[in-house]
Amino acid sequence: MRYIFPLLTVFFISVQSVCAQSFEAEVSAGLTASQVSGDNLAGFNKAGFVGGAGVGFPVGERWMLKSEVFFVQKGSRSTEKDPIFFKWSIAYLEIPLLMSFRLNERFFIDGGLAADLLVSSRVDYGAGWQKTNSAMYALNPVWILGLGYKLSDKIAFKARHSYSLTRTNPAQNHYNNTVAVYLSLMLK
């Protein structure tokens, strides 16, 4: 685990030196709507924040390899229709590796895999928040599929769906299911 950061640093420096004149950097911010599949509460009722930065390298006329780092809030919450009161707030550092395909001058699709690294987890059954980090896996792999629309040369609107490939905790069959909508500002 301690070798991951140095290896990633060497990788990004190598890729940047090869593609120094042909990369795109961006910063993004927006909202998430999520649910936890398997918690017996239906609906994307938990709102949250998503924000981060990414870099993309062209690998063809219409293809781009993208790497990003995002802070993502996920979780679940009951509604007045549910028989219980429940809130579950989960925060991750999401590190996706994506392929992006430009459909035309404005529309593009993204798809790939990400590592969700647990930042925090807490639940509220009506008596206040309780930390649950120790009950969660520290790493949750997810798949990602998204659609983007370039509003201008510098700003894009993106919508993305992600879903856990494995359980989020060892005790129950819970899977994160998240939709994110956000704006991205292209820096170069």
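All figures in this text were calculated on a predicted structure; none of them were measured in a lab.

Parameters and conventions
Residues numbered from 1 in each chain as written. Predicted model: local features only at pLDDT ≥ 70, side-chain atom pairs only at ≥ 80, totals over all residues. Heavy atoms only, no water. Helix = DSSP H or I, 4+ residues; strand = E, 2+ residues; numbered from the N terminus. Buried < 20%, exposed > 50% of the residue type's maximum accessible area, 1.4 Å probe, protein only. Contact = heavy atoms within 4.5 Å. Areas by Shrake-Rupley, 256 points an atom, 1.4 Å probe, with all protein chains shown as cover. Phe/Tyr/Trp six-rings, centres within 6.5 Å; stacked < 30°, edge-to-face > 60°. Lys NZ or Arg CZ within 6 Å of the ring centre and 35° of its normal. 1 Å grid on protein atoms, 1.4 Å probe; cavity = no way out; pocket = protein on both sides within 12 Å on 5 of 7 lines; lining within 4 Å. Points joined across faces, edges and corners; volume = space filled by probe spheres on them. Pairing = 2+ DSSP bridges. Nonpolar A, V, L, I, M, F, W, Y, C, P; charged D, E, K, R; others polar. Polar contact = N/O pair within 3.5 Å; in protein donor to acceptor, adjacent residues only side chain to side chain.

Asks: Can you tell me about the overall build of the protein chain, naming the residues and giving the values?
Replies: Regarding its fold elements, the protein chain presents one helix and nine strands. Reading the helices (α) and strands (β) of the protein chain from amino to carboxyl end gives α-β-β-β-β-β-β-β-β-β. Looking at the 188 residues of the protein chain, the share that counts as buried comes to 38%. Within the protein chain, residue pairs in contact and separated by at least 24 positions form 60% of the contacts whose partners lie at least 6 positions apart. Of the roughly 10600 Å² of accessible surface on the protein chain, 66% is carried by carbon and sulfur atoms.

Asks: An account of the packing of aromatic side chains is requested, with residue identities and associated values reported.
Replies: This structure, assessed with the given rule, holds five aromatic pairs. The interplanar angle of 50° and the centroid separation of 4.8 Å between the aromatic rings of Trp 63 and Phe 101 together place this pair among those described as tilted. With a gap of 38 residues between them, Trp 63 in strand β3 (residues 63-77) and Phe 101 in strand β4 (residues 87-102) connect regions that are remote in the sequence. The interplanar angle of 5° and the centroid separation of 6.2 Å between the aromatic rings of Tyr 163 and Tyr 175 together place this pair among those described as stacked. Of the two residues, Tyr 163 is situated in strand β8 (residues 155-164) and Tyr 175 in strand β9 (residues 175-186); the sequence distance between them amounts to 12 residues. Note on Tyr 163: relative accessible area 22%, which makes it partly exposed. We classify Tyr 175 as partly exposed; its relative accessible area is 23%. Across the ring face of Trp 129, the terminal group of Arg 122 is positioned such that the distance to the ring centre comes to 4.0 Å.

Asks: Any details on empty space enclosed by the protein? Residues and values, ideally.
Replies: Across all of its chains, the model carries two cavities of 30 Å³ or more by this definition. Volume-wise, the largest cavity comes out at about 80 Å³. What lines the largest cavity is simply Val 50, Phe 70, Val 72, Glu 94, Arg 160, His 161, Ser 162, Thr 178, Ala 180 and Tyr 182. Secondary structure elements with two or more residues in the lining of the largest cavity: β3, β8 and β9. Here the second largest cavity is characterised by a volume of approximately 30 Å³.

Asks: Describe the pairing of strand β2 (residues 46-58), listing the residues and the values that go with them.
Replies: In this sheet, β2 lies alongside strand β1 (residues 24-37) in antiparallel orientation, the contact comprising 11 bridges. The residue bridging Ser 28 from the neighbouring strand is Gly 52, located in β2. Note that β2 and β3 share nine bridges and pair antiparallel. Its bridge partner lying in β3, Pro 58 is registered against Met 64.

Asks: Let's hear about the layout of surface pockets: which residues, and what values?
Replies: Empty space among the atoms can be located by rolling a probe the size of a water molecule over them. Estimates place the volume of the second largest pocket at around 380 Å³. Residue composition of the lining of the second largest pocket, grouped by class: six nonpolar, three polar and 12 charged.

Asks: Run through the side chain of Lys 66, naming residues and quoting values.
Replies: As for its position among the elements, Lys 66 is in strand β3. Among the residues examined, Lys 66 registers a relative accessible area of 7% and is labelled buried. At a separation of 3.5 Å, a polar atom in the side chain of Lys 66 contacts the side chain of Asp 110. For Lys 66, the contacting residues outside a window of four places in its chain are Glu 26, Val 55, Gly 56, Pro 96, Leu 97, Leu 98, Ser 100, Phe 108, Asp 110 and Lys 158.

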